[in-house]
Structures are given as structure tokens and as C-alpha cells.
Amino acid sequence: MAKGYWIGRIDVHDPEAYKAYVETATPAYKEFGATFLVRGGEFDPVEGQSRTRNVVIEFPSYEAALACYQSATYQKARAIRQQFSDGELLIVKGHEG
């Protein structure tokens, strides 16, 4: 079974208020077996437009990644995130090679 990944590129406008998003989203991540592979950190924007924060989260399956996003718990967190940041979030099925 292929793993699932969230790839997020975010510009946070209010870092202090954004902490409420992290706190609210954490139970959903735990429930669906998420592991952070990238959580902010240094980066080099070698091509295209960049955002100030990049995140890659691994889930045990693509289905778990989708279910986490669709969960009521994460949707509460999403509402907070959208108040204090702009960005893109992709859910990607991992390669089974």
C-alpha cells in the first residue's frame, strides 16, 4: 500500500496566532499516524515562486492522508490556518516502486 503525503507551502501572517492551528491540528495528525519529514527549515528557492514555510507530512497510506484532511478535527484547525496564513496544500500518493 502506498504511503500518502501532504505537501504544504505556507506564508504565515501572524506567527503567534498560527500556534493555535498547530495545537488544534496535532490530535488529527496523531490519530492518522502522521510523521513530519519537513517542518519549516532552511530552503533554497531554485525555481519558481516560493513561500516562507514548507512542510511535508508522511501518512501510513494515501487513504489515511485524505481521511486526516477530511476529519472534523483537522477541519477545525484548517479554519484557524486560513485566518492567519496563505498557501497551498497537496495530498499526494506515494510511489510504489
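This one's a predicted model, so the numbers in the text were calculated from it and none came from an experiment. (Residues numbered from 1 in each chain as written. Predicted model: local features only at pLDDT ≥ 70, side-chain atom pairs only at ≥ 80, totals over all residues. Heavy atoms only, no water.)

Caption draft 1: Inspection of the packing of aromatic side chains at higher detail. Taken as a whole, this structure holds nine aromatic pairs when the rule is applied. Look at Trp6 and Tyr29: their rings are 5.8 Å apart centre to centre, the planes differ by 75 degrees, and that puts the pair in the edge-to-face class. On the criterion of sequence distance, the pair formed by Trp6 in strand E1 (residues 4-12) and Tyr29 in helix H1 (residues 15-31) is long-range, its members being 23 residues apart. Trp6 sits in the buried class, given a relative accessible area of 2%. Ring geometry for Tyr18 versus Tyr21: centroids 5.1 Å apart, planes at 50 degrees, classification tilted. Of this pair, Tyr18 and Tyr21 are both found in helix H1, three residues apart, which corresponds to roughly one turn of the helix. Residues Tyr18 and Tyr21 agree in their burial class; the two are buried. Above the face of the Phe36 ring, Arg39 is positioned so that its terminal group lies 3.8 Å from the ring centre. (Phe/Tyr/Trp six-rings, centres within 6.5 Å; stacked < 30°, edge-to-face > 60°. Helix = DSSP H or I, 4+ residues; strand = E, 2+ residues; numbered from the N terminus. Buried < 20%, exposed > 50% of the residue type's maximum accessible area, 1.4 Å probe, protein only. Lys NZ or Arg CZ within 6 Å of the ring centre and 35° of its normal.)

Caption draft 2: Examining the sheet that holds E1 more closely. Here we have four strands laid out as an open sheet, ordered E2-E3-E1-E4, and antiparallel in their pairing. A strand with exactly one partner marks an edge of an open sheet, and here the two such strands are strand E2 (35-39) and strand E4 (85-93). Neighbour to neighbour, the strand axes of the sheet diverge by 15 degrees on average, direction disregarded. Relative to E4, E1 runs antiparallel, the two being bridged by nine bridges. For Gly8, the partnering residue across the bridge sits in E4 and is Leu89. Against the sheet, helix H3 (residues 72-84) makes contact with E1 and E4, and its axis sits at roughly 140 degrees relative to E4, the strand it touches most. (Pairing = 2+ DSSP bridges. Axes fitted to C-alpha atoms, helices over the stretch in contact; angles between N-to-C directions. Contact = heavy atoms within 4.5 Å.)

Caption draft 3: Focus on H1. With 17 residues, H1 extends 25 Å from end C-alpha to end C-alpha; this agrees with the ideal 24 Å at 1.5 Å per step. The sharpest bend along H1 measures roughly 35 degrees and falls at Ala25, with the proline Pro27 sitting one to four residues further on. Those residues of H1 lying buried are Ala17, Tyr18, Tyr21, Ala25, Ala28 and Tyr29. Against E1, E2, strand E3 (53-59), helix H2 (62-70), H3 and E4 lie the buried residues of H1. Gly33, located one to two residues past H1, shows a positive phi value of around 70 degrees. (Expected span 1.5 Å × (residues − 1). Bend = angle between axes of the 7 residues up to and from the residue.)

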